Amino acid sequence: MIDPLEPMTSPPPTPIVPPPKNSRVRMSSAQRREQLITIGRQLFAEKGFDATSVEEVAARAKVSKPVVYEHFGGKEGLYAVVVDREVRSLLDRITTALTAGHPRDLLEQAALALLDYIEGETDGFRVLVRESPVGSGSGNFSSVLNDVAHQVEHILGAEFKSRNYEPKLAELYSQALVGMVALTGRWWLEVRKPRKDVVAAHLVNLAWNGLSHLDAKPTLVTRGK
């Protein structure tokens, strides 16, 4: 019989057992796909397509190889998705940036858009500038530059016509200008000196003024507008 004067004792609390450290985080199919794309982007940027394996992608994601095959069909499929995203991202940045009316301002905007992308999406840029695998139908940095050059060609064509220059040469000049900015961007990716806005200002200085009329201390006119 229970003594009513005896204090009641509560049962000891149930201990909370933490999950094992190596337990796998369950993700939805869409979340897992995004994780694999992020990991693939990192590996392709670090090592290139040929040196990256499905085993490495799976190991970083802590999944089995069949999971990677299920989502992308293999390394080639994952690479194609990564590159397609980067191509669209870079092209969208540059297209959106081209809002000025004056050709000099447009050149500034294009140069800054590319350098902004290199600074903010370094892994993506590394993926694009590496050689694509043989037989790959994926776009690459060259395809992006060609698209941008075509836009610049239309702008230059109208400007050439208004100044009585030969409009057919607009394509040559657009390729030269875009190529100059792109190659400088690849160099700046590694050195990161001088600052981004300084690099853009000097690119525009050379393209707009020419070697014979270079400004000693060029500045940007569109930044901050």
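The protein chain is annotated in an unreviewed UniProt entry as TetR family transcriptional regulator from Virgisporangium aliadipatigenens.

**A few points about the pattern of salt bridges**
Oppositely charged side chains may form a pair once their charged atoms are brought near each other. Summed over the entire model, instances satisfying the criterion amount to 14 salt bridges. In this structure, the salt-bridge partner of Glu108 is Arg104, at a minimum N-O distance of 2.6 Å. You can see Glu108 and its partner Arg104 sitting in helix 5 (residues 103-120), 4 residues apart, about one turn around the helix. As far as burial versus exposure is concerned, Glu108 and Arg104 are alike and both buried. Counted as one network, the salt bridges with shared partners bring together Arg41, Glu86, Arg93 and Glu121.

**Thoughts on the side chain of Lys75**
Note that Lys75 resides in helix 4 (residues 75-97). Despite its burial, Lys75 pairs with no opposite charge; the closest candidate is Asp50, at 5.2 Å N-O. Engagement of the side chain of Lys75 in a polar contact is seen with the backbone oxygen of Thr52, the distance being 2.8 Å. Once residues lying within four places of it in the same chain are set aside, the contact partners of Lys75 are Phe44, Phe49, Asp50, Thr52, Ser53 and Val54.

**Regarding the nonpolar core**
Among the nonpolar cores identified, the biggest contains 57 residues, and Leu36, Leu90, Leu114, Phe125 and Phe141 are the most heavily contacted of them. No other element matches helix 5, which puts 9 residues into this core. Contact partners of Leu36, with chain neighbours within four places excluded, come to Val57, Ala61, Val63, Val67, Val68, His71, Phe72 and Leu78.

**What to know about helix 4**
With 23 residues, helix 4 extends 33 Å from end C-alpha to end C-alpha; this agrees with the ideal 33 Å at 1.5 Å per step. Listing the buried residues of helix 4 in full gives Lys75, Leu78, Tyr79, Val82, Val83, Glu86, Val87, Leu90, Leu91 and Ile94. Considering only its buried residues, helix 4 is in contact with helix 1 (29-47), helix 2 (54-61), helix 3 (65-72), helix 5, helix 6 (122-129) and helix 7 (141-162).

Thresholds, definitions, all that
Residues numbered from 1 in each chain as written. Predicted model: local features only at pLDDT ≥ 70, side-chain atom pairs only at ≥ 80, totals over all residues. Heavy atoms only, no water. Salt bridge = Lys/Arg side-chain N within 4 Å of Asp/Glu carboxyl O. Helix = DSSP H or I, 4+ residues; strand = E, 2+ residues; numbered from the N terminus. Buried < 20%, exposed > 50% of the residue type's maximum accessible area, 1.4 Å probe, protein only. Lys, Arg positive; Asp, Glu negative; His and termini not counted. Polar contact = N/O pair within 3.5 Å; in protein donor to acceptor, adjacent residues only side chain to side chain. Contact = heavy atoms within 4.5 Å. Core = buried A, V, L, I, M, F, W, Y, C linked by side-chain atoms within 4.5 Å. Expected span 1.5 Å × (residues − 1).

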